[in-house]
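# Per-entry structural report
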Amino acid sequence: MIGQGPVPIAQRLDALGRACPLLACPVCARRGTRDVPLAMSGRTLHCPHGHVFDVARQGYVNLSGTGQPRNADTPRMLDARDRFLASGVYEPLRTAVVEACGTPSRLAEAGCGTGWYLAGAAAANPGATALGMDVSVPALRRAAARGLASVVADTWAGLPVCSGCVDALLCVFAPRNAEEFARVLSPAGRVVVATPQTAHLAGLRAMLGLLDVAGDKTERLAEQMGGAGLELAGRRLVEFEAACTLDQLRDLVAMGPNAFHEHAGPNGPGTITVSVLVSVWTRTAR
Ligand SMILES: C[S@@+](CC[C@H](N)C(=O)[O-])C[C@H]1O[C@@H](n2cnc3c(N)ncnc32)[C@H](O)[C@@H]1O
Ligand SMILES: [Zn+2]
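Rules behind the numbers
- Residues take numbers from 1 onward in each chain, read along the sequence in its written order.
- Naming scheme: in the order in which they are written, chains are lettered from A and ligands are numbered from 1.
- Confidence filtering applies because this is a predicted model: local features only for residues at pLDDT of at least 70, side-chain atom pairs given and counted only at 80 or more, and all residues used for totals across whole chains, interfaces and linings.
- Hydrogens and water molecules were not included; the side-chain quantities draw on all heavy atoms of the structure.
- Accessibility here uses a 1.4 Å probe with only protein chains present; expressed as a share of the type maximum, an area under 20% marks a residue as buried, one over 50% as exposed, and anything in between as partly exposed.
- A helix here means a DSSP run of H or I that spans at least four residues, while a strand means a run of E at least two residues long, and both kinds are numbered starting from the N terminus.
- Residue contacts are defined here by distance: any two heavy atoms, one from each residue, within 4.5 Å place the two residues in contact.
- UniProt positions are given in the numbering used here, feature names are shortened, and annotations may be inferred rather than shown by experiment.
- Excluding water, the donors of a metal are its N, O and S neighbours within 2.8 Å, or within 3.2 Å for Na, K and Ca, and that exclusion means sites may look incomplete.
- Four donors are marked tetrahedral only if all angles between them lie between 85 and 135 degrees, whereas four are marked square planar and six octahedral if opposite donors are more than 155 degrees apart and the other angles lie between 65 and 115; the remainder are marked irregular.
- What makes two strands pair is DSSP finding at least two bridges between them.
- By definition here, a salt bridge exists when the distance from a side-chain nitrogen of Lys or Arg to a carboxyl oxygen of Asp or Glu is within 4 Å.
- For Phe, Tyr and Trp, where Trp contributes only its six-membered ring, two rings pair if their centres lie within 6.5 Å, and the inter-plane angle classes them as stacked under 30 degrees, edge-to-face over 60, or tilted in between.
- For this analysis, a polar contact is any N or O atom pair within 3.5 Å, provided that within protein one partner can donate a hydrogen and the other can accept it, and provided that sequence-adjacent residues contribute only side-chain to side-chain pairs.

Those residues of helix H10 (residues 246-254) that sit buried are Gln248, Leu249, Asp251, Leu252 and Val253. Summarising the contacts, the buried residues of H10 are in contact with helix H3 (75-86), helix H8 (202-208), strand E10 (230-244) and strand E11 (270-283).

Shown next, in the form of structure tokens:
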């Protein structure tokens, strides 16, 4: 799943079928009944109450029930992200995220983007079910092409996932809905969160006038997770410097939210500082 070309549609459908036991009907959830199971037959998912969801020809399924948000990642941003991540600069970060997952049987990621981190976790846990969720259809097409079960879902609207069934839930540089994360965790499950720190890409941001990282992210994270009954079980600061080519720097800038803002462009190779906190959250012992 790592570094291979697009997998055939049969493999994508197989991945979705294996993840199906984790999925819950979003329509029934909106009407007040949680955890109504979905079953897959052919290229549709359906619940016992007659709600049907077609699998797209690229192998993902839309369970969001809404259109694409205006600020969803564009194909151009995703091309840049694919190139940058494949170049290996963030490999130490992916390794830390994967190690923080432990040895799960059921993995999921909220805001998985193109699925690069989730694919790494799946590769490290052969036989585990891996479910990627994101609001961006173009991102999920790419996640599905990696062989990950890929579901369009808005984290804020509630995850289309059965309660208590995820052993490791990843959230890497993506929106967090702590209540939902806590709800879907299995009893011994964990949430693995990666949050950029103030020093993350600080030199590059200062030089090019890029968006700032909110300085209080760690405190806000602790508040959010604590409020949902989750406690910190471990943390690791992944901090390193990396020499990047001009193309890598261009892709790094183009793959994130700066793509939507005015800024200067890099004009030569340079060294970046990566500073990301990988934290692990488990249910508070009672
Ligand atoms: C910075 S990207 C990170 C993607 C991926 N985790 C990675 O690091 O490669 C943030 C991701 O969150 C997704 N996202 C934004 N709002 C979301 C929401 N409300 N629900 C689910 N995903 C969302 C975006 O589409 C995007 O793929
Ligand atoms: Zn239903």
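We now examine the UniProt feature "domain: Methyltransferase" (unreviewed entry) in the protein chain. This chain's UniProt record puts "domain: Methyltransferase" (unreviewed entry) on residues 109-189. Measuring from the first to the last C-alpha atom of residues 109-189 gives 13 Å, for a span that is 31% helix and 30% strand.

Around a metal, the idealised angle for a tetrahedral arrangement of four donor atoms is 109.5 degrees; for an octahedral arrangement of six donor atoms it is 90 or 180 degrees. Protein-derived ligands of the zinc ion (ligand 2) are Cys25 (SG), Cys28 (SG), Cys47 (SG) and His51 (ND1), with the metal-ligand distances lying across 2.1 to 2.3 Å. In this structure, the zinc ion (ligand 2) is surrounded by 4 donor atoms whose angles at the metal cover 99 to 115°, and the resulting shape is tetrahedral. All donor residues of the zinc ion (ligand 2) come from one chain, and their arrangement in sequence is C-x2-C-x18-C-x3-H. Of this pair, Cys25 sits in the loop between helix H1 (9-19) and helix H2 (26-30) while His51 sits in the loop between strand E2 (44-46) and strand E3 (52-54); the two residues are 26 residues apart in sequence, bridging distant segments of the chain. Each of the two residues, Cys25 as well as His51, counts as buried.

Its location among the elements puts Thr155 in the loop between strand E7 (149-152) and strand E8 (166-172). The class of Thr155 is buried, set by a relative accessible area of 7%. Ignoring anything within four residues of it in the chain, the contact list for Thr155 reads Ala110, Gly111, Pro175, Arg176, Asn177 and Phe181.

Below, the discussion takes up the pairing of E8. Of all 7 residues in E8, 7 are buried; the element is thus mostly enclosed. Note: strand E5 (residues 106-110) against E8, 3 bridges, orientation parallel. Bridge pairing links Glu109 to Leu170 in E8. Examined bridge by bridge, E8 and strand E9 (residues 185-196) share 6 bridges and lie parallel to one another. Within E9, the position partnered with Val166 by the bridge is Leu185.

Here we take up the pattern of salt bridges. Two side chains with opposite charge may pair up if their charged atoms get near one another. Tallying each qualifying case throughout the model produces 13 salt bridges. For the salt bridge of Arg34 with Glu180, the shortest nitrogen-to-oxygen distance reads 3.9 Å. Here Arg34, found in the loop between H2 and strand E1 (39-41), pairs with Glu180, found in helix H7 (residues 178-184); they are 146 residues apart in sequence, far enough to count as distant. Judged by its relative accessible area of 46%, Arg34 falls in the partly exposed class. The shortest N-O distance in the salt bridge between Glu99 and Arg236 comes to 2.9 Å. With Glu99 in helix H4 (residues 91-100) and Arg236 in strand E10, this pair connects stretches of sequence that are 137 residues apart. Accessibility expressed as a relative area gives 41% for Arg236, which makes it partly exposed.

In this structure the tally under the stated criterion is 2 aromatic pairs. For the ring pair Trp116 and Tyr117, a centre distance of 4.9 Å and an interplane angle of 85° mean the geometry is edge-to-face. Across the pair, exposure class does not vary: Trp116 and Tyr117 are buried alike.

This next bit is on the UniProt feature "binding site: S-adenosyl-L-methionine" (unreviewed entry) in the protein chain. Following the UniProt record, the feature "binding site: S-adenosyl-L-methionine" (unreviewed entry) maps to Tyr90, Thr114, Gly115 and His200 here. One can find Thr114 in the loop between E5 and helix H5 (116-124). Apart from residues lying up to four places away in sequence, Thr114 is in contact with Leu78, Asp82, Ala139, Arg142, Ala143 and Arg146. With respect to the helices, strands and loops of the structure, His200 is situated in the loop between E9 and H8. Not counting the four nearest positions on each side in its chain, His200 is found in contact with Tyr90, Phe173, Arg205, Val213, Thr273, Val274, Ser275 and Val276. In terms of polar contacts, His200 uses its side chain to reach the side chain of Tyr90, at 3.4 Å.

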